[in-house]
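Okay, here's what each chain looks like letter by letter:
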Amino acid sequence: MSETSYDIVIGLEIHVQLLTASKLFCGCSTKFGAPPNTQTCPVCTGMPGSLPVMNRRAFELGLRTALALNCQIAPFTKWDRKNYYYPDLPKGYQISQFDLPFSSEGWLEISDPKGKIEPRRIGIIRAHLEEDAGKSMHDEAAGQADSRIDLNRTGTPLLEIVSKPDMRSPAEAKAFLTELKLLLTYLEVSDCNMQEGSLRVDANVNLHIPTPDGKIATPIVEIKNMNSFRAVERALTYEAARQYEVWQETGQKIGDIPKQTRGWDDVANITRGQRHKEESSDYRYFPDPDLVPVTVTEATVADARAALGELPAALRTRLEATFGLTPYDSDVIVNQGKRGVEYFLELATHSGDGKLASNWFQQDVLRTLTEQKIEIDQFGLRPERLAGLLQKVRGKEIDTSRAREVFAAMATSQKSAAEVMAELGIVQVDESQLVELCRELLAANPKIVADIKEGRGKAAGALIGQAKKKNPNVNPGRLMEICLELAQGM
Amino acid sequence: MSVHELSASELIAQLNAGEITSTELTRACLDRIERYDDRVQAFLQVGAESALEQAQAIDQKRKQKQPVGPLAGLPVGIKDLLCTQGVVTTCGSKMLEHFRPPYDATVIARLKQADAVLLGRLNLDEFAMGGSCENSAYFPTRNPWDLERIPGGSSGGSAAAVAAGMLPLTLGTDTGGSIRLPAGLCGVTGLKPSYGRVSRYGLVAFASSLDQIGPFGQTAEDCALALEVIAGHDPHDSTSVAQPVPAYRAALRQPLEGLRLGIVREHFGEGLDAEVEKAVREALRVYESLGAKLVDISLPHAKYGVAVYYLIAPCEASSNLARYDGAHYGHRTDEKAMHKQLAEERAVLQAAGNERGLGQLDSALVRMYRASRAEGFGAEVKRRIMLGTYALSAGYYDAYYLKALRVRRLIRQDFDEAFRQVDLIAGPVSAAPAFRIGEKADDPLSMYLVDLYTVSANLAGIAGISVPCGISQSGLPIGLQLQAPAFGEEKLLAGAHLYQQATDWHRRRPQLP
Ligand SMILES: [Zn+2]
């Protein structure tokens, strides 16, 4: 069966924990990792008589994200109750937004610097706010069927982002998630930590299969339990193949069976059907009478829009236009986050050479960060100082390999490029000295001279090592040029 | 006059004048409770020791010339629906028999701040669902005027305690008439403030968009005093309105010449008891003699009030009461027995090789939920949860809940229209005086109709007060209801005060055996 025999149709639902100090409807801390049930109060534990009060900050973060996703902002939005019973839901309902979400109809552009997927816009159906539930922990270690409930997470603000079913491959889904995560990081609205659950992804997927009777769609499956973007990609790949197989066996079309939920098993690399909790859930949504509707003025939207700052897509374009970087390079730099981009911009400006700055930033700075396991703002070699070194490289005062030595020394000290070079005795070698040195070397290596004369210019490379032994400051490029010229005349 | 006949305002004057101490007054109330409450049964709990401690502390403050709050050491009773830190708050339900809130409702905190002595917890219909106080899971409260009759509900204990002279001031809640109705049937004064006037934080919700806390006292002046203490914006309740709290007592004496009193045509139709009509019409004549102008008005959608109320209130209740699932709050069924039964049922199905049956067995969790709620809730609460769950279900939502919301808007518009012509609306509180205990027990529909004249105020969010305006031939009190636009409590209380200055129905007390 060829790969093009069907289209994969993918929509994503992403839950993002917003970086507020306190919960969505009470003053409790949202910090991760505290001992169970220590970050609770009458409101988030659903104590009889308690009432929710909206956290303005959470709404602002939601608004900021929705604007960055090019969403329409509703001038009037309200809170609804989603009613269901579960032990981690102390009130017996979740406060969410049903028919009047605060934002809808947006898009996010995905692209691939390696050109594997076409750049295009993925539609956003809506983004709405809701409160998180708690965590159930099943304590079966002692052979007991006891469940324990931790309500620390209950009431943490979540932004639910629902995409349109616009993605056509697992790679596109991954690209969407990667771009979304980068955007959220730039907006500083979430730490996007999938391990701690601050970013959760569910995927809806089915196939459109062309048949002689027209295109048919397979039943939609929702996939849960994916703990990384890689897992999302693999789960979708697996699921598409599985659905095709099932379709070949059963011929089941969308609507023939109820929507299925399957969980991704990261070890076995398969999706498994999950037990249906109810045939079809009726959440009995209705407006929460404890909360007043929220009106969002145009001025509020304008202020939030103005405060967005430069976002990844715009930054990439700017880096490419200003410094002549390739899409690949601009992507690598923008992926480093706001601080990384700031570092690069200073380096490029002070050194006066964007491409050179891009190379040094990607190869040397990023490598050092990885080696030292630190973030860019912890890196002691600030861009202005590093730019001093890059200027010397540009001016051919130092060759790249010696410049790396200087970089290493600068990274562990507060010294300038000139200071380090002086310490290492790096001085520019005078041209006449260099010619003299070349003559000596060629005279001592007649075999190499012969090789050069026969057109094997590369042979001159062997002289670099010898030259460096005599004078470590020689510029290898210039040395080669002189040797080739002199050899031809011998 | 004995202290039991004095109003809260009069007692506060005596306390502040040093004519009586808070401890003496608290003791007098405790004595009276001791003497009569085994028959009236207004209290679910009397905190004698704690009340005396609070009273002594306030007396001490006064002795040391420290400032004393506006309630001056007055004993106050609380409907057992308002959370009080460390004090069992049952809501009249078996479900919350052992529930001790770790926090104070905002009104409780304000009462404490005002130097009230919190003396006891008053009986109610379970979760405030009922109009007779017969739905309490513990016992029905009796009407002090006739112990065979209901005191009205749901704040029956709060009304009966004041009527029997056991307490000068109590708090209740009003969702569809639960303050005004028992006030009317017990011959005391009861105020339902406008929605948003008093914080609901700590009021165990029945129907959030309708619930409101209010006071019972002997007079409108008592209610004004209490409202000054409990009203005001609360950052913990986003539906509480940020409007300043006027000096309601000072406003009582505002001149009301030319007061326009709206008489609702629809209130005097079929079903209104002749004695009640006579008493209400007599009260209207009193107003006329005091210079008020009676204006004939119409509230055309008021007739849908009860129907709308019995959709909206149960819908909200079905969700508000979901938290009593045995997992976090409320009674939990005997889990051992539940697990045992589940194991037995499973064994039987397994022995029969009944795979289908096994697949359909509910999980232990679902069984726990079901049994806990079945055991913890009473019949009326279950009825309303079912009504609300049904009305909110997919396919019914538009026809019931949404339509009810639309009619609610029409009812509100009727009032807006009416209040363009009149200052206050006057009419009966209930169609008849108190009925006999058990009389309507098998007829929930006729029970629901006791709210006929009161529900629309809750649906519209306006203020209402019930003042005594007569005694029936069989010796039962009759109430007059006054209604004012939202946040029109000043005029409402002044209107009630005006009437009470000219009459003495509010001074009549039942002869307790
Ligand atoms: Zn909390």
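Starting afresh in each chain, residues are numbered from 1 along the sequence in its written order. Throughout, the order in which chains and ligands are written sets their labels, letters from A for the former and numbers from 1 for the latter. Two thresholds apply to this predicted model, a pLDDT of at least 70 for residue-level local features and 80 or more for giving and counting side-chain atom pairs, whereas whole-chain, interface and lining totals are computed over all residues.

Quick word on the overall build of chain A
- Only DSSP runs of H or I covering at least 4 residues are called helices, and only runs of E covering at least 2 are called strands; the numbering of each starts at the N terminus. When helices and strands are counted, chain A shows 15 helices and 17 strands.
- Taken against the 2.2 N^0.38 rule, which gives 23 Å for 490 residues, the C-alpha radius of gyration of chain A at 30 Å runs more than 25% over that of a compact globule.
- With the C-alpha coordinates of chain A rotated into their principal frame, the extents come out at 95 × 60 × 55 Å.
- Our exposure labels follow a C-beta count within 10 Å of each residue's own C-beta, placed from the backbone: buried means 20 or more other C-beta atoms, exposed means 12 or fewer, and partly exposed covers the counts in between. Burial analysis of chain A (490 residues in total) assigns 37% to the buried set. It is over C-alpha atoms that the radius of gyration is taken, and the globule rule equals 2.2 Å times the number of residues to the power 0.38.

Describing the overall build of chain B
- Counting its regular elements, chain B contains 18 helices and eleven strands.
- What you see for chain B is a C-alpha radius of gyration of 23 Å, in line with the 24 Å of a compact globule of 513 residues.
- Its C-alpha atoms give chain B principal-axis dimensions of roughly 85 × 55 × 45 Å.
- Here the contact rule is simple: place C-beta atoms from the backbone, and any two residues whose C-beta atoms are within 7 Å are in contact. Partitioning the intrachain contacts of chain B with sequence separation of at least 6 by distance along the chain shows that 77% fall at a separation of at least 24.

Points about the pairing of strand β11 (residues 199–211) of chain A
Residues and elements named next belong to chain A.
- Pairing between strand β1 (residues 7–17) and β11: ten bridges, direction antiparallel. Looking at β11, one finds that I8 is bridged to L207.
- By the bridge criterion, four bridges tie β11 to strand β13 (residues 221–226) in an arrangement that is antiparallel. Directly across from N204, in β13, lies its bridge partner E222.
- In terms of strand pairing, β11 meets strand β12 (residues 214–217) through four bridges, oriented antiparallel. Counted as the bridge partner of T211 is G214 from β12.
- Pairing between two strands is assigned when DSSP locates at least 2 bridges connecting them. The turn linking β11 back onto β12 is made up of two residues.

Quick notes on the domain arrangement of chain A
- According to the domain assignment, chain A consists of domain 1 (3–299), domain 2 (310–423) and domain 3 (431–488).
- Start and end positions for the domains come from either an automated domain assignment or a database one. A straight line from the C-alpha centre of domain 2 of chain A to that of domain 3 of chain A covers 32 Å.

Examining the confidence of the model for chain B
- For every residue, the pLDDT score states the predictor's confidence, bounded by 0 at the bottom and 100 at the top. Of all residues in chain B, 100% attain a pLDDT of 70 or more, and the chain-wide mean is 96.
- We note a pTM of 0.92 for the whole complex and an ipTM of 0.96 for its interfaces.

Examining the interface of chain A and chain B
- The partner chain B presents 33 residues to the 23 residues of chain A that form the contact.
- Residues of the side of chain A that touches chain B, tallied by class, amount to 14 nonpolar, four polar and five charged. Each residue is assigned to one of three groups, with Ala, Val, Leu, Ile, Met, Phe, Trp, Tyr, Cys and Pro labelled nonpolar, Asp, Glu, Lys and Arg labelled charged, and all others, Gly among them, labelled polar.

A word on the sheet that holds strand β2 (residues 75–79) of chain B
All names here are of chain B.
- Strand order across the open sheet formed by eleven strands is β1-β3-β2-β4-β6-β5-β10-β11-β9-β7-β8, with mixed pairing between neighbours. The two strands at the open ends of the sheet, each matched to only one other strand, are β1 (43–46) and β8 (293–297). The average angle at which neighbouring strand axes cross in this sheet is 30 degrees, direction not considered.
- Between the N-to-C directions of two axes lies an angle of 0 to 180 degrees, each axis being a line fitted to C-alpha atoms and, for a helix, fitted only over the stretch in contact. Packing of helix α7 (residues 220–230) onto the sheet brings it into contact with β4 (169–174), β5 (189–192), β6 (212–217) and β10 (463–471), and relative to β6 it is tilted by some 140 degrees.

Focus on the nonpolar core
- Core analysis: the largest hydrophobic core is formed by 220 residues, its most contacted members being A:F176, B:L74, B:V76 and B:L82.
- Top element by residues in this core is helix α10 (residues 305–320) of chain B. It accounts for nine residues.
- Dropping the residues within four chain positions of it, B:V76 is found in contact with B:L71, B:L111, B:A116, B:V117, B:L118, B:L119, B:L167, B:L169, B:T170 and B:L171.
- Of all hydrophobic cores here, the second largest spans 29 residues; its members include A:A348, A:A387, A:V393 and A:A417. Take the buried Ala, Val, Leu, Ile, Met, Phe, Trp, Tyr and Cys residues, join any whose C-beta atoms are within 7 Å, and the set you get is a nonpolar core.

A few points about the domain arrangement of chain B
All names here are of chain B.
- The domains assigned to chain B are domain 1 (3–251) and domain 2 (325–376).
- When each unit is reduced to the centre of its C-alpha atoms, the spacing between domain 1 and domain 2 is 41 Å.
- Taken together, the six residues of domain 1 in the interface contact four residues of domain 2.
- Considered class by class, the residues forming the side of domain 1 that touches domain 2 number three nonpolar, one polar and two charged.

Concerning the sheet that holds strand β5 (residues 93–96) of chain A
All names here are of chain A.
- Strand order across the open sheet formed by three strands is β5-β4-β16, with antiparallel pairing between neighbours. Taken across any chain shown, the strands that pair with only one partner, and hence form the sheet edges, are β5 and β16 (286–287).
- Pairing of strand β4 (residues 80–83) with β16 involves two bridges; the strand directions are antiparallel. Bridge assignment links D80 to a residue of β16, and that residue is P287.

A short note on the packing of α7(B) against helix α18 (residues 489–502) of chain B
All names here are of chain B.
- The geometry of α7 relative to α18 is characterised by a closest axis approach of 8 Å and an angle of 155 degrees between their N-to-C directions. By the angle class used here, α7 and α18 are roughly antiparallel. Across the interface between the two elements, A220, E221, C223, A224 and L227 of α7 pack against E489, L493, A496, H497 and Q500 of α18.
- Of the residues that constitute the contact of α7 with α18, the class distribution is six nonpolar, two polar and two charged. Any angle between 65 and 115 degrees counts as roughly perpendicular, while under 35 counts as roughly parallel, over 145 as roughly antiparallel, and the rest as oblique.

What to know about the packing of helix α2 (residues 22–40) of chain B against helix α3 (residues 48–63) of chain B
Residues and elements named next belong to chain B.
- Running from N to C, α2 and α3 point in directions that differ by 160 degrees, and their axes come no closer than 8 Å. Considering the angle they form, α2 stands roughly antiparallel to α3. Between α2 and α3 the crossing geometry is right-handed. Here S22, T23, T26 and L30 of α2 lie close against α3, whose contacting residues are A48, A51, L52, A55, Q56, I58 and D59. Throughout, a crossing is termed right-handed when the near helix is turned clockwise from the far one, and left-handed when it is turned anticlockwise from it by less than a right angle.

Observations concerning the pairing of β8(B)
Residue and element names in this part refer to chain B.
- Both strand β7 (residues 260–264) and β8 contribute to a ladder of five bridges, which runs parallel. Looking at β8, one finds that I263 is bridged to D296.
- Seen with its strands pointing away from the viewer, a crossover is right-handed when the path leading from the first strand over the helix to the second is clockwise. In this fold, β7 hands off to helix α9 (residues 274–289), which returns the chain to β8; that crossover is right-handed.

Thoughts on the environment of A:E481
- Relative to the helices and strands, A:E481 is located in helix α15 (residues 476–488).
- For A:E481, a count of 14 C-beta atoms within 10 Å puts it in the partly exposed group.

A few points about the environment of B:A463
Residue and element names in this part refer to chain B.
- Here A463 shows up in strand β10.
- What makes A463 buried here is the crowd of 28 C-beta atoms within 10 Å.
- In this structure, the C-alpha to C-alpha distance between A463 and P193, residues 270 residues apart in sequence, is 4.7 Å.
- With residues near it in sequence (within four places) discarded, A463 still touches K192, P193, S194, Q483, A484, A486, G488, E489 and L492.

Some remarks on helix α2 (residues 170–187) of chain A
Residues and elements named next belong to chain A.
- In a regular helix each residue adds 1.5 Å, so 18 residues correspond to 26 Å; α2 covers 26 Å between its end C-alpha atoms and thus fits that length.
- If you check which residues of α2 are buried, you get P170, E172, A173, K174, A175, F176, L177, L180, L184 and L187.
- Phi for E188, located one or two positions after α2, is positive at around 55 degrees. Multiplying 1.5 Å by the helix residue count minus one yields the expected span of that helix.

A short note on unusual backbone geometry
- That bond from B:G153 to B:S154 is cis: its omega, 5 degrees, falls within 30 degrees of zero.
- As for its position among the elements, B:S154 is in the loop between β3 (117–122) and α5 (156–163).
- In the Ramachandran plot, A:E105 falls in the positive-phi region, its phi being about 55 degrees despite a non-glycine side chain.
- Here A:E105 is to be found in strand β6 (residues 103–110).

Quick look at the environment of B:L74
- With respect to the secondary-structure elements, B:L74 resides in the loop between α3 and β2.
- Expressed as a C-alpha distance, the spacing of B:L74 and B:T21, which sit 53 residues apart in the sequence, is 9.4 Å.

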